[in-house]
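# Topology and contacts: notes
Read off the chains here:
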Amino acid sequence: MHRDYPLTLLAIESSCDETAAAVLQDGLIKANVIANQSVHEAYGGIVPELASRAHQKNIVPVVQQALQQAGLDKADLQAIAFTQGPGLLGSLLVGSSFAKSLAMALQVPLIAVNHMQAHILAHFIEPPFPAFPFLCLTVSGGHTQLVLVNDYLDMKILGQTRDDAVGEAFDKSAKMLGLPYPGGPLIDRYAQQGQSEAFRFPATDLPGLDFSFSGIKTALLYFLKAQEAQNPAFIQENLADLCASVQHTLVQMLLKKLQQASQQTDIREIAIAGGVSANAGLRAQLLVKGQELGWQVYLPKFEYCTDNAAMIAMSAYLQYQHQDFADWGISAAPRLKF
Ligand code: KG4
Ligand code: ZN
């Protein structure tokens, strides 16, 4: 793959509750626009029907803004990329239909991108770049995967969650602590003022490289119920310590499997990706572990952790060079795998 391959493309991301568009030119991101959907806050989680409607409203202005930021016109585009999956069907359909229509109208190739692969390839937007083969812990609201990355487009899942994703565990714990959706970033913020050893929650440790995060959610629920029966203000009085303790448990569970995977594969090039890779506790603990074990650690820039279209553009740039184009009959794939 050539980092200076000449190509101008537009990428669209609409897999969940972010409508995003990015323009990539000759390997560099020229624009990266994201419209967040605040409509879900009142419901304590994403409402798929509302997400789909918000994408329909946002997609044209977001694409226009991206082109404007890049100083380009639609006629300059040589390819259109979109997130094919995994994600919410109604949300994916908005991005895929828009991308298909635009590519057809401009008579340029269409590129279908796997969202989870794109989270990992976000590491190639800006240096330092991981060296192949590397291990990537991909942690988001819908997935928790330990991935062996042999090459840009050659990845293998070594382990994954059997129930909740770790982002979901953060968000559900936050909800129990009375925090609004999405609670992951709030747990992160409160945890910075708390003691991570204040409370202990049982960490499920499955054999092999798979994860399970549903147990900690149940443990927290019963723990809070018991404490609140004695002191109704328990959460309020201990919020920072509770957040720090929950976060610590989740981070240790992630790092344990990462260490196991590194030992098994003898790989010390280690990356993290996805929304939860923005977590300050995870980033700090990973750096400590990396020092201890001689790992080369790669942390994505904050703007490339949570959902964005720059990562879709980077994946599409690599796919274009492999002539990996979609045909017009392609449709959204909510459970897409790689
Ligand atoms: O990758 P992403 O933006 O969307 C999915 O593909 O799911 O990840 C969103 C997830 C949410 O669960 C959110 O709470 C979590 O990432 N998240 C965080 C932080 N920032 C985002 N979790 C913990 N700490 C953070 N700083
Ligand atoms: Zn994502």
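Everything numeric here is computed off the predicted structure, so don't read it as measured data. (Residues numbered from 1 in each chain as written. Chains lettered and ligands numbered in written order. Predicted model: local features only at pLDDT ≥ 70, side-chain atom pairs only at ≥ 80, totals over all residues. Heavy atoms only, no water.)

## Points about the pairing of strand E8 (residues 154-160)
Threshold: When DSSP finds two or more bridges between a pair of strands, those strands are recorded as paired. Every helix listed is a DSSP run of H or I at least four residues long, and every strand listed is a run of E at least two residues long, numbered separately from the N terminus.
Both strand E7 (residues 144-151) and E8 contribute to a ladder of 6 bridges, which runs antiparallel. When the sheet's bridge partners are listed, Asp-151 is paired in E8 with Asp-154.

## Some thoughts on the sheet that holds E8
The following threshold applies: Only the contacting stretch of a helix is used when fitting its axis, a line to C-alpha atoms as for every element, and angles between N-to-C directions run 0 to 180 degrees. The contact rule is simple, with two residues in contact once any of their heavy atoms fall within 4.5 Å.
Taking strand neighbours across the sheet as the criterion, the 5 strands line up as E8-E7-E6-E9-E10 in an open arrangement whose pairing is mixed. Edge positions in the open sheet fall to E8 and strand E10 (296-298), since each of these has one partner strand only. Neighbour-to-neighbour, the strand axes of the sheet open up by a mean angle of 25 degrees, direction not taken into account. Here 4 bridges tie strand E6 (residues 134-139) to strand E9 (residues 269-273), and the two strands are oriented parallel to one another. Residue Leu-135 lies in a different strand from E9, and its bridge partner there is Ile-270. Sheet strands touched by helix H8 (residues 280-293): E6, E9 and E10. Its angle to E9, the strand with the most contacts, is close to 175 degrees.

## Some details on the domain arrangement of the protein
Interfaces are often sized by the amount of accessible area the parts lose when they come together. For the record, the criterion: What counts as a domain boundary in this text is fixed by an automatic or database domain assignment. As a working definition, buried area equals the accessible area (1.4 Å probe) given up by two parts on being put together, with both sides summed. Criterion for a salt bridge: a side-chain nitrogen of Lys or Arg within 4 Å of a carboxyl oxygen of Asp or Glu. Polar contact criterion, stated in full: a pair of N or O atoms within 3.5 Å, where within protein one must be able to donate a hydrogen and the other to accept it, and residues adjacent in sequence count only if both atoms are side-chain atoms. Residue polarity follows a fixed list, in which Ala, Val, Leu, Ile, Met, Phe, Trp, Tyr, Cys and Pro are nonpolar, Asp, Glu, Lys and Arg are charged, and the others, Gly among them, are polar.
We note that the domain assignment places domain 1 (8-121 + 305-321) and domain 2 (130-300) within the protein. Between the C-alpha centres of domain 1 and domain 2 there is a distance of 27 Å. The interface is formed by 14 residues belonging to domain 1 together with 20 residues belonging to domain 2. Regarding the contact of domain 1 and domain 2, the summed buried area is about 1400 Å², with carbon and sulfur atoms giving 77% of it. Broken down residue by residue, the surface that domain 1 buries against domain 2 is led by Met-116, Ile-120 and Cys-305, which jointly contribute 44%. Linking domain 1 with domain 2 are 0 salt bridges. For the interface between domain 1 and domain 2, the tally reads 1 residue pair in polar contact (both at pLDDT 80 or more). The element that contributes the greatest number of residues to the side of domain 1 that touches domain 2 is helix H3 (residues 115-121), accounting for 5 residues. Residues that form the side of domain 1 that touches domain 2 fall into these classes: 7 nonpolar, 6 polar and 1 charged.

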